[in-house]
Amino acid sequence: MSRSSIAAPIPAQAGIGLRLPHHAMVLAERPAAAWLEVHPENYMADQHSLAELELIRADYPLSLHAVGLSLGSAQGVDGAHIARLRHLVELLEPGLVSDHLSWSVASGHYLPDLLPLPYTEEALRVVARNVSQVQEALGRQILVENPSTYLCYAASTIPEAEFLAALAQRSGCGVLFDVNNVYVSATNQRLDPAAVLEDWCRALDARTVGEIHLAGHALVQTEAGDELRIDDHGDHVCSEVWALYERSLAQLGPKPTLLEWDTRLPAFGVLQAECAQARSRLDIAQERRYARAV
Amino acid sequence: MHAPSEHALESLQSGMAAALLAADPAGQALPEALFTGAHAGAVGLRVHRNTVLGALSNALRLSFTAVDRLVGEDFFDRMAIDYARARPPRAPQLDEYGVGFAAHINGFPGTESLPYLAELAQFEWQLAEAARARAAREAGPVLQLDDGVRLRFAAPLWLHAARYPVARLRDAILAEDTVTLAAIAAPGPADPAPTNPAPAGTAGFHYAIWRTSEGVNVRSLSARSAGFLAAVYAGATAIEALAASGDADSAQVLGEEILPAGFVQVELPPGA
């Protein structure tokens, strides 16, 4: 496998979330994509798909976006899972490694969801401890992503943005800033997404933000007749999220940006078209940065 | 998990995990006072419960395609959720989560008319395992024959035995072949008929399942070929493997069933 062209970090361009149904097409046609991101858990037991990913990796910069470290678990992070991730990191040499500000393991059981944390000093200690353990084991920095939330804890004492900023400061991790999640969480809490985004951009040190995520979501009605947005990654990025993305780029600068699409997965060409929309906004942000520099 | 636990957070997480997996969510409900915000905590918990159970059902559905098709989506979800509550996963690589599903649905209430369901699930699990394997023909066993001919066998390869004709059953389900399905459901008088089950407690149908870079392959075997292959993959010599096939005319095993199968390559000696 030639690594010479892909050893560089993930570029500040628009990448695509690669899912298993697209492997064969990507291998056969090598479609244009600035970089790709995968969930490493999909390759830990599936050696056939891992063999395919190794071939794909030869032609594309790759990011590993984990969903199973359970960085928020009070019981700590599973050493066996860290070892599995480390094996993939050593094999694939990804430009970025990330997971979520959430938990999914309790009482020895893994729950396949990104469950929310109460934002307390205790939780901050736990997550910082766990992130440090993972970074030490991997020998590199990881990024931690803000999740979508559907409930808030009365015990929370720290605003989410400040919590993640403090985590980055304490543990040395970077931030994966998911703009769609900001929108979903804000609207579910009946908050103004633009104001919430401003809070995020004020709280975060732009230098710690290593990646941005964009995705579509679903709008459902609760039994009480209220609207609720579900982060299902099953649709186009909505116009409101594109607007928040533009404001994010203006304040944080151009960042590697990933288009995620998981449910009702469309043809790869649809993802490329969505990517082009992000690329045009990234180009504007780049021009703005050059103009400032000049 | 070796880190010292943080008490309040650990208590919250174990309580929420129990609430999300509970068969009776009302009985395991968390106090509303734990939550604040625009929606009741119960609303958010319902979203997470649906995500957790839905993800686990879908993980199983990917491996048990024909079982899902046979029983229907709603009934499959019932079995999957029952399995999730009885055996929640212990690791995030959900590819391995279905290992106990076939045993769990054996005798599942409502499946009395499908006596082959658990065997079908076990067969599909073997196919799923094969699909996740990396093809490595060079790692397969090699038999050296007397005349310098070498037989190179595929790797990885699994031998599978069942009382019911599970490969035929699976093909019929996926092709919506109702005639074959009806024949398997109601065995006819001809014995052995290709659709009749073997006597209880015996394996009447044998299969080789192997992985190549192109995909997963299945071939039906006679009991003698299955015995031969089991011996080959256990490291037996050609003579030992033929003896293990239990056939009076042992060469017939090679000539009729093994050599034409896709899982073996014949390598001739140099100059032949």
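Keep in mind the model is a prediction, meaning the values are calculated, not measured.

## Description of the packing of helix α6 (residues 117-132) of chain B against helix α7 (residues 166-175) of chain B
All names here are of chain B.
Phase 1: Packing of α6 against α7 brings their axes to within 10 Å, and their N-to-C directions diverge by 85 degrees. The orientation of α6 relative to α7 falls into the category roughly perpendicular. Contacts from E119, L120, F123, E124 and L127 in α6 reach V166, A167, L169, R170 and I173 in α7.
Phase 2: Of the residues that constitute the contact of α6 with α7, the class distribution is 7 nonpolar, no polar and 3 charged.

## Side note on the packing of helix α6 (residues 179-188) of chain A against helix α7 (residues 193-203) of chain A
All names here are of chain A.
Phase 1: It is at 9 Å that the axes of α6 and α7 come closest, and there the two elements cross at 125 degrees. The angle between α6 and α7 falls in the class oblique. The hand of the α6/α7 crossing is right-handed. Across from V182, Y183, A186 and T187 in α6, the residues of α7 making contact are P193, V196, L197 and W200.

## Brief notes about unusual backbone geometry
Where the residue is not glycine, phi is negative for most of them; where a peptide bond is considered, it is trans in most cases.
Phase 1: The residue after A155 of chain B, namely P156 of chain B, is reached through a cis peptide bond having omega -5 degrees.
Phase 2: Mapped onto the secondary structure, P156 of chain B falls in the loop between β3 (150-153) and β4 (157-162).
Phase 3: Phi is positive for S70 of chain A, close to 55 degrees, though the residue is something other than glycine.
Phase 4: Located in the positive-phi region is E176 of chain B, a residue other than glycine, with phi close to 55 degrees.

## Looking at the domain arrangement of chain B
All names here are of chain B.
Phase 1: Here chain B is partitioned into domain 1 (1-114) and domain 2 (122-272).
Phase 2: Its C-alpha centre places domain 1 at a distance of 36 Å from the equivalent point of domain 2.
Phase 3: Taken together, the contact pairs 13 residues of domain 1 with 9 residues of domain 2.
Phase 4: With both sides pooled, the region where domain 1 packs onto domain 2 buries about 1,000 Å², and carbon together with sulfur makes up 63% of that total.
Phase 5: Ranking the residues of domain 1 by area buried against domain 2 places S63, A66 and R69 at the top, with a combined share of 42%.
Phase 6: Summed over the shared surface of domain 1 and domain 2, the result is 0 salt bridges.
Phase 7: Counting the contacts that link domain 1 with domain 2 gives 5 residue pairs in polar contact (both at pLDDT 80 or more).
Phase 8: Looking at the side of domain 1 that touches domain 2, the element that brings in the most residues is helix α3 (residues 65-71), giving 5 residues.
Phase 9: Among the residues making up the side of domain 1 that touches domain 2, the classes are represented as 7 nonpolar, 3 polar and 3 charged.

## Section: helix α4 (residues 121-138) of chain A
Phase 1: For α4 of chain A, with 18 residues, the first-to-last C-alpha span of 26 Å sits near the 26 Å given by 1.5 Å per residue.
Phase 2: All of the buried residues in α4 of chain A are E122, A123, L124, V126, V127, A128, N130, V131, V134, Q135 and L138 of chain A.
Phase 3: Structurally, α4 of chain A contributes buried residues whose contacts are with α3 (79-92), β4 (96-100), β7 (143-145) and α5 (160-171) of chain A together with α1 (7-21) of chain B.
Phase 4: Note on α4 of chain A: the residue one or two positions beyond its end, G139 of chain A, has a positive phi of about 70 degrees.

## Describing the side chain of H22 of chain A
Phase 1: Here H22 of chain A is to be found in the loop between β1 (14-17) and α1 (23-29).
Phase 2: Excluding its chain neighbours within four sequence positions, the residues that come into contact with H22 of chain A are L265, P266, A267, F268 and L271 of chain A.

## Considerations on the state of the cysteines
Phase 1: Counted under the stated rule, the structure contains 0 disulfides over all chains.
Phase 2: Lacking any disulfide linkage, C201 of chain A is separated from the closest cysteine sulfur, that of C238 of chain A, by 17 Å.

## Re α1 of chain B
Phase 1: Over its 15 residues, α1 of chain B runs 21 Å from end to end, which matches the ideal 21 Å to within 8%, given 1.5 Å per residue.
Phase 2: Taken together, the buried positions of α1 of chain B are occupied by L9, L12, Q13, M16, A17, A19, L20 and L21 of chain B.

## Considerations on the pattern of salt bridges
Phase 1: Evaluation of the coordinates by the stated rule reveals 17 salt bridges over all chains.
Phase 2: R170 of chain A is the partner of E121 of chain A in a salt bridge, and the nearest nitrogen-oxygen pair spans 3.1 Å. Here E121 of chain A, found in helix α4, pairs with R170 of chain A, found in helix α5; they are 49 residues apart in sequence, far enough to count as distant.
Phase 3: What makes E121 of chain A partly exposed here is its relative accessible area of 41%.
Phase 4: Among the ionic pairs, R150 of chain B bridges to E267 of chain B, the shortest N-O distance being 3.3 Å.

## A word on the sheet that holds strand β10 (residues 209-215) of chain A
Residues and elements named next belong to chain A.
Phase 1: Taken in spatial order, the 8 strands close into a barrel running β1-β2-β3-β4-β7-β9-β10-β13, and their pairing is parallel. Averaged over all adjacent pairs, the angle separating strand axes in this sheet is 30 degrees, with direction ignored.
Phase 2: One ladder, built from 3 bridges, connects β4 with β7; its direction is parallel. Bridge pairing in β7 places D99 opposite V144.
Phase 3: Where α6 meets the sheet, its contacts fall on β7, β9 (174-178) and β10, and the angle it forms with β9 comes to roughly 60 degrees.
Phase 4: Sheet strands in contact with helix α8 (residues 239-252) are β9, β10 and β13 (257-260), and its direction is about 170 degrees off that of β10.

## Here we look at the sheet that holds strand β7 (residues 264-267) of chain B
All names here are of chain B.
Phase 1: Reading across the sheet, the 3 strands line up as β2-β3-β7 and stay open at both edges, with antiparallel pairing between neighbours. With partners counted over all chains shown, the strands left at the sheet margins are β2 (142-144) and β7, one partner each. The average angle at which neighbouring strand axes cross in this sheet is 20 degrees, direction not considered.
Phase 2: Where β2 meets β3, 3 bridges bridge the pair, whose relative direction is antiparallel.

## Quick word on a nonpolar patch on the surface
Residue and element names in this part refer to chain B.
Phase 1: A cluster of nonpolar residues, L259, V266 and L268, forms a patch on the protein surface that exposes about 270 Å² of accessible area.
Phase 2: For V266, the position within the fold is in strand β7.
Phase 3: Assessed through its relative accessible area of 44%, V266 is described here as partly exposed.

## Comments concerning the pairing of strand β5 (residues 103-106) of chain A
Residue and element names in this part refer to chain A.
Phase 1: Across 3 bridges, β5 lies against strand β6 (residues 109-115) in antiparallel orientation. Following the sheet pairing, A106 is matched in β6 by H109.
Phase 2: Where β5 folds back on β6, the antiparallel hairpin that results is connected by 2 residues, among which S107 adopts a positive phi of roughly 55 degrees.

Calculation criteria
Residues numbered from 1 in each chain as written. Chains lettered and ligands numbered in written order. Predicted model: local features only at pLDDT ≥ 70, side-chain atom pairs only at ≥ 80, totals over all residues. Heavy atoms only, no water. Axes fitted to C-alpha atoms, helices over the stretch in contact; angles between N-to-C directions. Helix = DSSP H or I, 4+ residues; strand = E, 2+ residues; numbered from the N terminus. Parallel < 35°, antiparallel > 145°, perpendicular 65-115°, else oblique. Contact = heavy atoms within 4.5 Å. Nonpolar A, V, L, I, M, F, W, Y, C, P; charged D, E, K, R; others polar. Left-handed = near helix turned anticlockwise from the far one by under 90°. Domains from an automatic or database assignment. Buried area = accessible area lost by both parts, 1.4 Å probe. Salt bridge = Lys/Arg side-chain N within 4 Å of Asp/Glu carboxyl O. Polar contact = N/O pair within 3.5 Å; in protein donor to acceptor, adjacent residues only side chain to side chain. Expected span 1.5 Å × (residues − 1). Buried < 20%, exposed > 50% of the residue type's maximum accessible area, 1.4 Å probe, protein only. Disulfide = S-S within 2.5 Å. Pairing = 2+ DSSP bridges. Patch = residues over 30% accessible without salt bridge, like charges linked within 9 Å, V, L, I, M, F, W, Y side chains within 5 Å. Areas by Shrake-Rupley, 256 points an atom, 1.4 Å probe, with all protein chains shown as cover.

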